Amino acid sequence: MGRRLGDQASRPFENFGSFLRTFVFSILSVGPIPAHIAFIMDGNRRYAKKCNLSEGAGHRFGYLALMHMLKYCYELGVKYVTIYAFSIDNFKRRPEEVESTMQLMEEKIEELIKEESLVNLYGVRIHFLGNLNLLSESVRFAAERAMAATAGNSDAVLSICVAYTSTDEILHAVQECCQEKQDEIIKLKSSGYSLISTGEDEMDKGQNTINVLDIEKHMYAAVAPDPDIIIRTSGETRLSNFLLWQSSDSLLYSPSVLWPEIGFRHLVWAVLDFQRNFTHMKNKTKKSEVSCWKSLSLLIEHRLFWLVSVLALSLAIIHLAAS
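Everything in this summary refers to the structure shown in the same document. (Residues numbered from 1 in each chain as written. Predicted model: local features only at pLDDT ≥ 70, side-chain atom pairs only at ≥ 80, totals over all residues. Heavy atoms only, no water.)

### Focus on the pattern of salt bridges
All chains considered together, the criterion is met by 17 salt bridges. Aspartate 89 serves as the salt-bridge partner of lysine 92, at 3.8 Å between the closest nitrogen and oxygen. In this structure lysine 92 comes out as exposed when scored by relative accessible area, which is 71%. The partner of glutamate 107 in a salt bridge is lysine 108, with the nearest N and O atoms 3.5 Å apart. Taking relative accessible area as the criterion, glutamate 107 reaches 31% and is therefore assigned partly exposed. (Salt bridge = Lys/Arg side-chain N within 4 Å of Asp/Glu carboxyl O. Buried < 20%, exposed > 50% of the residue type's maximum accessible area, 1.4 Å probe, protein only.)

As structure tokens, then:
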């Protein structure tokens, strides 16, 4: 009975929160919206230590934070989200910690593909990026089931980097390119095609060379465009071997909060920062357009400030009425 009353009491605040997000997002939508946001989820273990929780509890709170951020991103209209879930370097941690993390990962992967999950609610297709052969068999099978179960979803994309580092991704792409070119040469030889007599022509056409597009085609992260924003919590500005190839033009946002503490306001400020720097990042607009975007960015920030002030007053009134 008490729980039911508690749920009923919290429902108006949930509805109000949903209204608030919709209103804020409608203002942000006046400007450019990032197509792809990537997250480095830093600080789960420090959060557990800070709150005197067990080590695994930090990761569980981190998962809840992830679900909230995914919801906010998809409500805003961000189609691609990439998360750095587990680095290859993380396998060097204590065996019991790695095992605990793998068990939690398998559990949460299964939750992701339930019928009522956020993934199915927003039509999200899941990709797992990395050297999946390094995972335990049960976790790898869970990842494969998730990718198969969501293969028909097309509204949004969630890329989960697990057993991943950027250097491993680049090495894998180069190896795949070399193997592909070698297979092409063997195929030409077997068909009786003379590489000696026409080799120079083929080289002129770039047929037997590896270029940037060839490498990018074989990247794990080829399923999504390069990220517009990379958000790393804990105030760290290092990329830690994450999307190094893809992040040359990305905006890095580093709030000081630990990952389980990240909230709606951090996403809003990241998007505002992206909009302020949009023309500089794209570097293709005229000066008049740059001035226009700056004015628009200031207008959006002014409206948001006004909105927050009004909502703070509204919340105070609701709180007083409830008491």
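### Quick look at the pairing of strand 3 (residues 124-129)
Burial runs high along strand 3: 5 of the 6 residues are buried. Here strand 3 pairs with strand 4 (residues 156-164) via 6 bridges, running parallel. Within the sheet, the bridge partner assigned to leucine 129 lies in strand 4 and is cysteine 161. (Helix = DSSP H or I, 4+ residues; strand = E, 2+ residues; numbered from the N terminus. Pairing = 2+ DSSP bridges.)

### As for the environment of leucine 76
In this structure, leucine 76 sits in helix 3 (residues 55-76). Setting aside residues up to four positions removed in sequence, leucine 76 forms contacts with Phe25, Leu28, Ile33 and Val271. (Contact = heavy atoms within 4.5 Å.)

### Details of the sheet that holds strand 2 (residues 80-87)
Reading across the sheet, the 6 strands line up as 3-4-2-1-5-6 and stay open at both edges, with parallel pairing between neighbours. With partners counted over all chains shown, the strands left at the sheet margins are strand 3 and strand 6 (251-253), one partner each. Across the sheet, the axes of successive neighbouring strands diverge by a mean angle of 20°, strand direction being ignored. Two elements, strand 1 (residues 36-40) and strand 5 (residues 229-232), share 4 bridges in a ladder whose sense is parallel. Paired with isoleucine 40 across the strands is arginine 232, a residue of strand 5. (Axes fitted to C-alpha atoms, helices over the stretch in contact; angles between N-to-C directions.)

### Here's the deal with the packing of helix 4 (residues 95-112) against helix 6 (residues 137-149)
One way to put it is that helix 4 packs onto helix 6 with a least axis distance of 9 Å and a crossing angle of 20°. One finds that helix 4 runs roughly parallel with respect to helix 6. Two packed elements cross with a definite hand, and for helix 4 against helix 6 that hand is left-handed. Residues Met102, Met105, Glu106, Ile109 and Glu110 of helix 4 lie in contact with helix 6, whose contacting residues are Ser138, Val139, Ala142, Ala143, Arg145 and Ala146. Of the residues in the contact of helix 4 with helix 6, the class split is 7 nonpolar, 1 polar and 3 charged. (Parallel < 35°, antiparallel > 145°, perpendicular 65-115°, else oblique. Left-handed = near helix turned anticlockwise from the far one by under 90°. Nonpolar A, V, L, I, M, F, W, Y, C, P; charged D, E, K, R; others polar.)

### Here we look at the side chain of threonine 165
Considering the arrangement of structural elements, one finds threonine 165 in the loop between strand 4 and helix 7 (166-190). Of the polar contacts made by the side chain of threonine 165, one reaches the backbone nitrogen of aspartate 168; its length is 3.2 Å. Contact partners of threonine 165, with chain neighbours within four places excluded, come to Tyr84, Ser87, Ile88, Asp89 and Asn241. (Polar contact = N/O pair within 3.5 Å; in protein donor to acceptor, adjacent residues only side chain to side chain.)

### Things to note about helix 3
If you check helix 3, its first and last C-alpha atoms are 32 Å apart, about what 22 residues at 1.5 Å a residue would give, namely 32 Å. Immediately downstream of helix 3, the backbone of glycine 77 shows phi near 105°, a positive value. (Expected span 1.5 Å × (residues − 1).)

### Description of the side chain of arginine 140
Its place among the elements puts arginine 140 in helix 6. For the buried arginine 140, which has no salt bridge, the nearest side chain bearing the opposite charge is glutamate 144, at an N-O separation of 4.4 Å. With sequence-adjacent residues up to four places away left out, arginine 140 is seen in contact with Leu132, Asn133 and Leu135. (Lys, Arg positive; Asp, Glu negative; His and termini not counted.)

### Observations regarding empty space enclosed by the protein
For the structure on display, the rule yields 1 cavity of 30 Å³ or more. Of the voids in this model, the largest cavity is the one considered here, and its volume is about 50 Å³. Along the walls of the largest cavity sit His36, Thr82, Leu129, Ser159, Ala221, Val223, Ala224, Pro225, Asp226, Pro227, Leu243 and Gln246, which together make up its complete lining. Residues that form the lining of the largest cavity fall into these classes: 7 nonpolar, 4 polar and 1 charged. (1 Å grid on protein atoms, 1.4 Å probe; cavity = no way out; pocket = protein on both sides within 12 Å on 5 of 7 lines; lining within 4 Å. Points joined across faces, edges and corners; volume = space filled by probe spheres on them.)

### A look at the packing of aromatic side chains
The tally for this structure, following the rule as stated, stands at 10 aromatic pairs. Taken together, a centroid distance of 4.6 Å and an interplanar angle of 15° make the contact between tyrosine 84 and phenylalanine 242 stacked. In this pair, tyrosine 84 sits in strand 2 while phenylalanine 242 sits in the loop between strand 5 and strand 6, placing the two residues 158 residues apart along the sequence. With respect to class, tyrosine 84 is no different from phenylalanine 242; both count as buried. For the ring pair phenylalanine 86 and phenylalanine 91, a centre distance of 4.9 Å and an interplane angle of 75° mean the geometry is edge-to-face. We classify phenylalanine 86 as buried; its relative accessible area is 3%. A relative accessible area of 28% means that phenylalanine 91 is categorised as partly exposed. (Phe/Tyr/Trp six-rings, centres within 6.5 Å; stacked < 30°, edge-to-face > 60°.)

### Overview of the environment of glycine 152
In this fold, glycine 152 is placed in the loop between helix 6 and strand 4. Note on glycine 152: relative accessible area 72%, which makes it exposed.

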